[in-house]
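# Breakdown of the fold
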Amino acid sequence: QVQLMESGGGLVQPGGSLRLSCAASGSIFSIGAMRWYSQAPGKQREYVARITSGGRTNYADSVKGRFTISRDNAKNTVFLQMNSLKPEDTAVYYCNSVITDSNGSWRDYWGQGTQVTVSS
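Residues numbered from 1 in each chain as written. Predicted model: local features only at pLDDT ≥ 70, side-chain atom pairs only at ≥ 80, totals over all residues. Heavy atoms only, no water.

Our focus in this paragraph is the overall build of the protein. Helix and strand counts for the protein stand at zero helices and 11 strands. Reading the protein from its N end, one meets helices and strands in the order β-β-β-β-β-β-β-β-β-β-β. The C-alpha radius of gyration computed for the protein amounts to 14 Å, which stays within 12% of the reference 14 Å derived for 120 residues, consistent with globular compactness. Counting the 120 residues in the protein, one finds 42% classified as buried. Nonlocal contacts in the protein, meaning residues at least 24 apart in sequence, comprise 54% of its contacts between residues at least 6 apart. Roughly 6500 Å² of accessible area belongs to the protein as shown, and the carbon and sulfur atoms make up 45% of that amount. Across the protein, 12 positive and 8 negative side-chain charges occur, with their mean positions spaced 4 Å apart. (Helix = DSSP H or I, 4+ residues; strand = E, 2+ residues; numbered from the N terminus. Rg over C-alpha atoms; globule rule 2.2 N^0.38 Å. Buried < 20%, exposed > 50% of the residue type's maximum accessible area, 1.4 Å probe, protein only. Contact = heavy atoms within 4.5 Å. Areas by Shrake-Rupley, 256 points an atom, 1.4 Å probe, with all protein chains shown as cover. Lys, Arg positive; Asp, Glu negative; His and termini not counted. Charge placed at Lys NZ, Arg CZ, Asp CG, Glu CD.)

To continue, consider the pairing of strand β10 (residues 106-110). The pairing of strand β9 (residues 91-101) with β10 spans five bridges and is antiparallel. The residue bridging V98 from the neighbouring strand is D108, located in β10. The hairpin formed by β9 and β10 contains four residues between the paired strands, and G104 there has a positive phi angle of roughly 90 degrees. (Pairing = 2+ DSSP bridges.)

A few words on the nonpolar core. If you look at the biggest cluster of nonpolar residues, it comprises 30 residues, and the most contacted ones within it are W36, L80 and Y93. Sorting the residues of this core by element identifies β3 (18-25), β4 (28-39), β5 (46-51), β7 (67-72), β8 (77-82), β9 and β11 (114-118) as the ones contributing at least two each. For L80, the residues in contact, after removing those within four places along its chain, are L18, R19, L20, W36, V48, A49, F67, T68, I69 and Y93. (Core = buried A, V, L, I, M, F, W, Y, C linked by side-chain atoms within 4.5 Å.)

Let us look at unusual backbone geometry. Working note: non-glycine residues mostly have negative phi, and peptide bonds are mostly trans. In the Ramachandran plot, N76 falls in the positive-phi region, its phi being about 50 degrees despite a non-glycine side chain. With respect to the helices and strands, the residue N76 is situated in the loop between β7 and β8. In this structure N76 comes out as partly exposed when scored by relative accessible area, which is 25%. The phi angle at S84 is positive, at roughly 50 degrees, despite the residue not being glycine. Looking at where S84 falls in the secondary structure, it is placed in the loop between β8 and β9.

The subject of this paragraph is the environment of V48. Along the chain, V48 turns up in strand β5. Counting along the chain gives 70 residues from V48 to V118, while the straight-line C-alpha distance between them is 16 Å. For V48, the residues in contact, after removing those within four places along its chain, are W36, Y37, S38, N58, Y59, A60, V63, F67, L80 and Y93.

Below is the structure:
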């Protein structure tokens, strides 16, 4: 069974940094672009960043210059380096990707989320 699992969230002071990880596991044939989303309390889930299997990246305007997405294809893992964090970055962060399993079936997968809290 394919799944995505995030880690690395926590409590950090404004201006601080966190590095989130998301690992895909199971009987995987291929992984497409990997994305991070955030969902603050009472708000809709929002796009944060994307990285293709070839390494091309894209960011929401709100995180450009502060967040960096990367991936390790050999380990089926995507990272989100979050610098200069602001209180408004407080949210649950989810990773997402379309994954093809070893049977050739593909679908959209989401992780369970990891909480990031930016507060003094």
